[in-house]
Amino acid sequence: MKDNGIGMKPGRDLDIEVAVKVMGFIWLKHLLQFSAELAVKWLGTTADVEQSGGVYVPLVKESEMVSLKLRENFDEAVPNYSTEIDAAQQVVEHMKGLGYTYISEKKLEQEQNRYYGSFVKDGRDIAASIGHSSEAEAIVKAALAALA
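This structure is a prediction, so every number in the text was calculated from the model and none was measured. (Residues numbered from 1 in each chain as written. Predicted model: local features only at pLDDT ≥ 70, side-chain atom pairs only at ≥ 80, totals over all residues. Heavy atoms only, no water.)

**Quick look at unusual backbone geometry**
Right, so step 1: Non-glycine residue Gln110 carries a positive phi angle of around 50 degrees.
Right, so step 2: Phi is positive for Glu111, which is not a glycine, with a value near 60 degrees.
Right, so step 3: Tracing the sequence through the fold places Glu111 in the loop between strand 4 (101–109) and strand 5 (112–121).
Right, so step 4: Note on Glu111: relative accessible area 76%, which makes it exposed. (Helix = DSSP H or I, 4+ residues; strand = E, 2+ residues; numbered from the N terminus. Buried < 20%, exposed > 50% of the residue type's maximum accessible area, 1.4 Å probe, protein only.)

**A look at helix 4 (residues 85–97)**
Right, so step 1: Its 13 residues give helix 4 an end-to-end C-alpha distance of 18 Å, which sits within 8% of 18 Å, the value for a rise of 1.5 Å per residue.
Right, so step 2: Taken residue by residue, helix 4 has Ala87, Ala88, Val91, Val92 and Met95 as its buried positions. Along the axis of helix 4, the buried positions cluster into a sector of 160 degrees, meaning they face one direction only. The outward face of helix 4, more than 90 degrees from its buried face, is lined by the exposed residues Asp86 and Gly97.
Right, so step 3: Each element contacted by the buried residues of helix 4 is listed here: helix 1 (12–21), strand 4, strand 5 and helix 5 (135–147). (Expected span 1.5 Å × (residues − 1). Arc of directions from axis to C-beta. Contact = heavy atoms within 4.5 Å.)

**Observations concerning the packing of aromatic side chains**
For any pair of aromatic rings, geometry is given as the distance between the ring centres together with the angle between the planes.
Right, so step 1: Counted under the stated rule, the structure contains two aromatic pairs.
Right, so step 2: When the centroid spacing of 6.2 Å and the interplanar angle of 85 degrees are considered together, the rings of Tyr100 and Phe119 count as edge-to-face. Taken together, the residues Tyr100 in the loop between helix 4 and strand 4 and Phe119 in strand 5 connect sequence positions 19 residues apart.
Right, so step 3: Aromatic pair Tyr102 and Phe119: ring centres 4.9 Å apart, planes at 45 degrees, arrangement tilted. Of this pair, Tyr102 sits in strand 4 while Phe119 is found in strand 5, placing the two residues 17 residues apart along the sequence. (Phe/Tyr/Trp six-rings, centres within 6.5 Å; stacked < 30°, edge-to-face > 60°.)

**Digging into the environment of Phe25**
Right, so step 1: By secondary structure assignment, the location of Phe25 is in the loop between helix 1 and strand 1 (26–30).
Right, so step 2: Since its relative accessible area comes to 11%, Phe25 is described here as buried.
Right, so step 3: With 53 residues separating them in the primary sequence, Phe25 and Val78 have C-alpha atoms 8.5 Å apart.

What follows is the structure, encoded as structure tokens:
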């Protein structure tokens, strides 16, 4: 069974998972081709596509998305959702817009702070049962669990 990012460590891969599955980012490509390779590939939003006037187009093939991540000219503007609390707060605000309320708890366990988070919608509490080392991590993993 796939864990939908819940088992991932904080960092770029988890941030990308949150960007795509929670925040509505999509894989994009640049229409101008200077060679056989595409000039620019990155994660962006549908607003980026609209603002570009057709220069950027969404990619749709899952296999293309994975291969683009590994290319040298891959670029992105994904916030550090899983490691920076200000970016994680954007996730909380986005989830509020979807009708969720965020509930958090900090506990001292084995002399370490552990953060627990969950999103509640229509009285339904979706919580990750494990504590996380940062509040940002707890927020993004709770969001992934809520939308899984």
